[in-house]
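Structure at a glance
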Amino acid sequence: MMNTLRKSLSSSSKIGVRYFSISSPAFDKIGFIGLGNMGRGMAVNLLQKGNSVVAFDVVDSNLASVVEQGAEAANSPGAVAEQCSKVITMLPNNQIVQGVYQGPDGVLAAIKEGGLLIDCSTVDPALSKDLAAAAKNQGVDFVDAPVSGGVNAAAAGTLTFMCGAETQDTFNTAQQLLEHMGAKIIHCGGVGTGGAVKICNNMLLAVSMIGTSEAMNLGINLGLDPKLLADIMGSATGRCWSVDTYNPCPGVLPNVPSSNDYKGGFGTALMTKDLGLAQDAATRAGAATPLGSLSHQIYRTMCNNGFAEKDFSSAFKFIQKKDL
């Protein structure tokens, strides 16, 4: 399982300036597992707010980058849970989340009664419910709290957390901790509802990114300047996050993946995974998602054509191909 983890976690992002919270108290010791593009910025924000952090990642360089900021290194998920009553995870997929929590050296094998587990990964809501049930049997609270905002928001401490917690008291405790990493923390309902909101959001994001890519590509082929087109759409009825904040056309906006050869950001493979989760949920719920289904097919095709490790906004480059 650890080998699977090592292959799956990704690399780090830049951190923001150091500052201290005046709204939420610092915690004695917090565990953090998963220090990739998103997790590293989140863990560093915990440190910047005066918390002690015990961290683990299967990628040595990821772990070292957070230790350099003041975290203490652990050698397994279980070792993190042995030292901390509150543990946060930020991991890529269902298989890895389940292994980290329920593996032989996992969190649930070591966490003490009365602990709090917060999973910020985007996974199947059904898995979150299963983990919550296992945690409850050990006298431990579990919250699913996937995030929105991307790598820049993770580094800046301005993420939105969508939380599924069984009680208001559990949410309140989680909220105090999440405020050290985010600007908006929302109680969506019981465990699993945070993940449900997240997969709905990401399905819409995929649809809007493909639509924006098509519109930008059409405009360029009609002779329009891409910056002019994006500026007009950004103040017209077609305005959306994919247009005015994360434009997929290279050179339109600075400091976004499209202007850096689609490096960093939110990978196409991860978006494809999230779209698969949305389709699975839609099937179980009997909900029609024709555009979500088509977006899933497009992103799967992108993964099979060399775009898997590129940011999901590389849909623009994919659509520019003449053989589509």
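This text goes with the structure placed above it.
Below: a short report on this structure.

Rules behind the numbers
- Residues numbered from 1 in each chain as written.
- Predicted model: local features only at pLDDT ≥ 70, side-chain atom pairs only at ≥ 80, totals over all residues.
- Heavy atoms only, no water.
- Helix = DSSP H or I, 4+ residues; strand = E, 2+ residues; numbered from the N terminus.
- Rg over C-alpha atoms; globule rule 2.2 N^0.38 Å.
- Buried < 20%, exposed > 50% of the residue type's maximum accessible area, 1.4 Å probe, protein only.
- Contact = heavy atoms within 4.5 Å.
- Areas by Shrake-Rupley, 256 points an atom, 1.4 Å probe, with all protein chains shown as cover.
- Core = buried A, V, L, I, M, F, W, Y, C linked by side-chain atoms within 4.5 Å.
- Salt bridge = Lys/Arg side-chain N within 4 Å of Asp/Glu carboxyl O.
- Phe/Tyr/Trp six-rings, centres within 6.5 Å; stacked < 30°, edge-to-face > 60°.

Here we look at the overall build of the chain
Of regular secondary structure, the chain possesses 14 helices and 9 strands. Here the chain has a C-alpha radius of gyration of 20 Å; the compact-globule value for 324 residues is 20 Å, and the two agree. Judged by the C-alpha coordinates and their principal axes, the chain covers about 65 × 45 × 35 Å. When each of the 324 residues of the chain is scored for burial, the buried share is 52%. Relative to all contacts within the chain whose residues are 6 or more apart in sequence, the contacts with residues 24 or more apart total 68%. Of the accessible surface of the chain, which amounts to about 14,300 Å², a share of 52% is contributed by carbon and sulfur atoms.

A few points about the nonpolar core
In terms of nonpolar packing, the biggest core is built from 34 residues, with Phe32, Met42, Ile88, Ile118, Cys120 and Phe161 touching the most fellow members. Those elements that place two or more of their residues in this core are β1 (30-33), α2 (39-48), β2 (53-56), α3 (60-67), β5 (116-119), α7 (150-156), β8 (159-164) and α8 (168-178). Residues Ala74, Leu91, Tyr101 and Val191 belong to the second largest nonpolar core, which totals 30 residues.

Examining the pattern of salt bridges
Going through the model one piece at a time under the given rule, you end up with 5 salt bridges. Across the pair aspartate 124 and arginine 284 runs a salt bridge whose closest N-O atoms are separated by 3.0 Å. Residue aspartate 124 is located in the loop between β5 and α6 (125-136), and its partner arginine 284 is located in helix α12 (residues 268-285); the two are separated by 160 residues in the primary sequence. The class for aspartate 124 is buried, based on a relative accessible area of 11%.

What about the packing of aromatic side chains?
Here the structure, examined in full by the defined rule, presents 5 aromatic pairs. With a centroid separation of 5.8 Å and 65 degrees between ring planes, the pair formed by tyrosine 101 and phenylalanine 142 is classed as edge-to-face. Of this pair, tyrosine 101 sits in helix α5 (residues 94-102) while phenylalanine 142 sits in strand β6 (residues 141-144), and the two are 41 residues apart along the sequence. You can call phenylalanine 142 buried: its relative accessible area is 5%. With a centroid separation of 4.6 Å and an interplanar angle of 15 degrees, the aromatic rings of tryptophan 241 and tyrosine 246 are classed as stacked. The structure contains a cluster of three or more aromatic residues connected by ring pairs, namely Trp241, Tyr246, Phe266 and Phe312.

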